[in-house]
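Chain residues, written in single-letter form:
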Amino acid sequence: MSEEKKDSTPDSATPYDDAFRTMETKCDDLLIPFVNHIFGENYDKGAVINRLRNEEYIEHKDKSLEKRITDSSFEIRYEDAVKRYHLECESSRYDESILIRIFEYDSQIARADSEGDRYKVRFRFPNSGLLILRRSRNTPEAAVIELEMPDGKETSYEIPVLRMWDYSIDDIFENKLYMLIPFYIFNYEGKLKSIDDSDEKTEQLIDEYKRIIARLKKENDNGNLSSVSVSVIIKLIHRVAYNLTKNRKKINEKVGDFMGGQVLDLPEFKIYDDGKAEGRIEGRVEGRAEERTVGIRIFIEDKIEDGIPEDRIIEKLTKRYGMTSDEARDHIQECRSVKTVK
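Computed from a predicted model, the values in this text were never measured in an experiment.

Okay, unusual backbone geometry next. Within the chain, E79 stands out as a residue other than glycine whose phi angle is a positive 50 degrees. Here E79 lies in the loop between β4 (72-78) and β5 (81-90). With a phi close to 70 degrees, D80 is a non-glycine residue in the positive phi region. Its place among the elements puts D80 in the loop between β4 and β5. According to the relative accessible area criterion, D80 is exposed, its value standing at 81%.

Turning to the sheet that holds strand β8 (residues 127-132), a few remarks are in order. Where strands meet in a sheet, backbone hydrogen bonds hold them as pairs that are either parallel or antiparallel. As summarised here, the arrangement of the six strands in space is β1-β4-β5-β8-β10-β9, forming an open sheet in which the pairing is mixed. Bordering the open sheet on either side are β1 (48-51) and β9 (142-148), each of which pairs with just one other strand. Going across the sheet, the axis of each strand differs from the next one's by a mean of 30 degrees, ignoring polarity. Both β4 and β5 contribute to a ladder of seven bridges, which runs antiparallel. Across the sheet, residue E75 finds its bridge partner in β5, namely R84. The sheet contacts of helix α2 (residues 15-26) involve β1, β4, β5 and β8, and relative to β5 the element is tilted by about 160 degrees. The strands touched by helix α3 (residues 28-39) within the sheet are β1, β4, β5, β8 and β10 (154-163), with β8 carrying the most contacts at an inclination of about 100 degrees.

A pair of packed helices is captured by two measures, namely the crossing angle of their axes and the spacing between those axes. At a minimum axis distance of 10 Å, the contact between α2 and helix α8 (residues 227-244) shows a crossing angle of 170 degrees. It follows from the interaxial angle that α2 and α8 lie roughly antiparallel. Note on element contacts: α8 touches α2 through V232, L236, V240, N243 and L244, opposite P15, Y16, A19, T22 and M23.

The geometry of an aromatic ring pair is captured by two quantities: the separation of the ring centres and the angle between the planes. Under the definition given, this model contains 10 aromatic pairs. Pairing F39 with Y85 gives two aromatic rings, centres 5.1 Å apart and planes at 50 degrees, and the pair type is tilted. Linking F39 in helix α3 with Y85 in strand β5, this pair joins segments that are 46 residues apart in sequence. For the residue pair F39 and Y85, the accessibility class agrees, reading buried in each case. On the numbers, 5.6 Å between centres and 25 degrees between planes, the contact of F74 with Y85 is stacked. You can see F74 sitting in strand β4 and its partner Y85 sitting in strand β5, a full 11 residues away along the chain.

Criteria and thresholds
The written sequence of each chain sets the order in which its residues are numbered from 1. Thresholds applied to this predicted model are a pLDDT of at least 70 for local features of residues and 80 or more for the giving and counting of side-chain atom pairs; totals over whole chains, interfaces and linings are not thresholded and use all residues. To get the side-chain values, all heavy atoms of the structure are used, and hydrogens and water are removed first. Numbering of helices and strands runs from the N terminus; a helix is a DSSP stretch of H or I covering at least four residues, while a strand is a stretch of E covering at least two. Burial classes: relative accessible area under 20% of the type maximum marks a residue as buried, over 50% as exposed, and values in between as partly exposed (1.4 Å probe, protein chains only). Strand pairing follows a simple DSSP-based rule, namely that at least 2 bridges must link the two strands. Axis lines are fitted to C-alpha atoms, over the contacting stretch for helices. Their N-to-C directions set the angle, which ranges from 0 to 180 degrees. By definition in these notes, contact holds between two residues if any of their heavy atoms fall within 4.5 Å. Working rule for angles: under 35 degrees goes down as roughly parallel, over 145 as roughly antiparallel, 65 to 115 as roughly perpendicular, anything else as oblique. We call Phe, Tyr and Trp rings a pair once their centres come within 6.5 Å, taking the six-membered ring for Trp, and we label the pair stacked below 30 degrees between planes, edge-to-face above 60, and tilted otherwise.

This is the structure in structure tokens:
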């Protein structure tokens, strides 16, 4: 792969968790339909998302604390009601330890959100859901966490489970489950060896990704997805496929080369032009300007996470966004300061 393409395919200890967290934290138009589907909600564009702290400390029997990072923790405010949510993306095959971990997270979230006085404390547990990426026979469509109280009373709450392999690409687009698209390659995991052994099957896989990219662009044209969200999805398709196919040389190279080419021609690089084209309408200009700012931030964050030197990031920013070196340096500094505060 070229240097440019290598920049956008970093190794990560948790590439799939990172991909899910990136979409959850940066793209409302991906998260809202996902929540609607998994929890049976009916949120529209009037829903307001408030992202919450996703670091929780689990106390062990020896009183030691272990810091764990949830994949997502957020609130949605809609029509004067507020609901809290907790989502987990799991790339391991399903077992009961996943439910134990979810309960640990939920307990800490409820503890942080507790209220009361010296005589009574109320704990509010979040609505929790689980996305399982890898196929296994024993994965349920929903799981249950049961609690037995000291007085013998019992209560329980359900954890809806979304199984990646239950969704074709048509299902994904029909249900607006855009957050699943980067993980679609998992549906081929059991077939990767046979695909890698066949030029024809490899080309068929690339053709499917071509159709996916075309459908994403159509969703953008129809106003269902922002340019930034399309950009994020395409980048994450590239990253997830790169990590899952490392041991399949032909797939890794050919799909990587195709997706790498898509990454180089992302909406981030077109947002400014889109804004100019719609500049006759003031509101749209403001929206595009905001998208451009977000696109620049995402671009810088990706390069920082990839370990690209600052002078190379400045060079890329000046070429792609037409800014001066000083402006590029200011954007980088602002991005670093925001990450530090978080």
